[in-house]
Amino acid sequence: MIVILKNGYDERQLESLLNWFDGMDVGVQINEGEQTTVIGLVGDTSALDIELIKAIDIVESVSRVKEPFRKANRKYHPDDTVIDVRGRKIGGGSFHIMAGPCSVESEEQICAIAESVKESGATILRGGAFKPRTSPYDFQGMKSEGLDLLFLAREKTGLPIVSEIMNANHIELFEDVDIIQVGARNMQNFELLRELGMIKKPILLKRGLANTLQELLMSAEYIMAGGNEDIILCERGIRTFETYTRNTLDLAAIPLLKELSHLPVVVDPSHATGISRLVKPMSMAAVAAGADALIIEVHNDPKNALCDGAQSLTPDVFADVVSAVNDVLKAVGKLPVG
Ligand code: PEP
Ligand code: MN
């Protein structure tokens, strides 16, 4: 249940209202937004009389919340969540581009790509060190050595880094990673989500291959319930009957997630399509639909990439995508990338 307070409410009246809720044995979560103050009531609220609460002086309105997600719900938290990643603000109106290879392959590769994507305007470096591969015989990533190379690339370029975790036992290894990615295949690995809820670090949570938006938000809720509320939701395409593309980009997910939740939304046009030439039009569409960020795979030699070469952009094409993204941002009245 949520209780919206009138603007300029009396603090003493608020205190007595909170004491009353306390006596009713319901959990209280207060959110003071820029425009409104919302009291979220959690637990068993069935004994609460809505009409009685509505009649209280400082109360503007009261409503029951149908959705099973609370901390991720915009009704409880009307303002956008803004996540600070080494000074880059994700959410709340700015726009960021995370770019880099699917997998870290060598020092030369990650450092060269990091320099070139930075030059084109990327604000965060992506790179997989632990790779979830469909075949056990394929390259599985450079693991902790890959993370060390990402730290080196960050040192050289100043770009914060995002990398995927697959196992809760690796959390210590990720201590110095700026954003931890939970990949599509682990979106419902609830044990991993719970562990990530206990650390203080932004999490980029990718939508599962066949998961609904409500399931994505419930996975965010798992992490947030533990106390880690810095979650970035990622639409990366879902599996449909279509076979021309690797997945089908669900563009409607962007405005819907922004409506349902206050968490920032990033779009991954690389995994959503699997085809490098579709990355530019889908990036532009994602910006127009209201995304807060993009995550794009870029490789200096896509033909010889150890993973996801077909969907990876060359640095030159990436530069062209950034410029197209800036054109769309301008058209929709937003500031350029960064
Ligand atoms: C990736 O980002 O390289 C990746 C494996 O993504 P997803 O989990 O979306 O397939
Ligand atoms: Mn990939």
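Source: prediction; values computed, not measured. (Residues numbered from 1 in each chain as written. Chains lettered and ligands numbered in written order. Predicted model: local features only at pLDDT ≥ 70, side-chain atom pairs only at ≥ 80, totals over all residues. Heavy atoms only, no water.)

J.: Give me the nonpolar core: which residues, what numbers.
T.: Core analysis: the largest hydrophobic core is formed by 66 residues, its most contacted members being I97 and F318. When neighbours within four sequence positions are excluded, I97 is seen to be in contact with A122, T123, I124, L294, I296, F318, V322, V325 and V337. Ranked by size, the runner-up nonpolar core spans 16 residues in total, among them Y9, V26, L41 and I50. (Core = buried A, V, L, I, M, F, W, Y, C linked by side-chain atoms within 4.5 Å. Buried < 20%, exposed > 50% of the residue type's maximum accessible area, 1.4 Å probe, protein only. Contact = heavy atoms within 4.5 Å.)

J.: Before we move on, could you go through the layout of surface pockets and cite the residues and values that matter?
T.: Approximately 230 Å³ is the volume found for the largest pocket. In this structure, the largest pocket is lined by 18 residues; those nearest its centre are P132, R185, R246, H271 and D308. Taken together, the residues that form the lining of the largest pocket break down as four nonpolar, four polar and 10 charged. (1 Å grid on protein atoms, 1.4 Å probe; cavity = no way out; pocket = protein on both sides within 12 Å on 5 of 7 lines; lining within 4 Å. Points joined across faces, edges and corners; volume = space filled by probe spheres on them. Nonpolar A, V, L, I, M, F, W, Y, C, P; charged D, E, K, R; others polar.)

J.: Run through the pairing of strand β12 (residues 231–235), naming residues and quoting values.
T.: Burial runs high along β12: five of the five residues are buried. Note that strand β11 (residues 203–206) and β12 share four bridges and pair parallel. From the neighbouring strand, K206 faces β12, where its bridge partner is C234. Taken together, β11, helix α6 (residues 213–225) and β12 constitute a β-α-β crossover, and its handedness is right-handed. The pairing of β12 with strand β13 (residues 265–267) spans three bridges and is classified as parallel. Across the sheet, the residue bridging to C234 is V266, located in β13. As for the winding sense of the linkage, the β-α-β connection from β12 through helix α7 (residues 253–260) to β13 is right-handed. (Helix = DSSP H or I, 4+ residues; strand = E, 2+ residues; numbered from the N terminus. Pairing = 2+ DSSP bridges. Right-handed = clockwise from strand over helix to strand, strands pointing away.)

So far we have only geometry, and geometry alone does not tell us how the molecule works.
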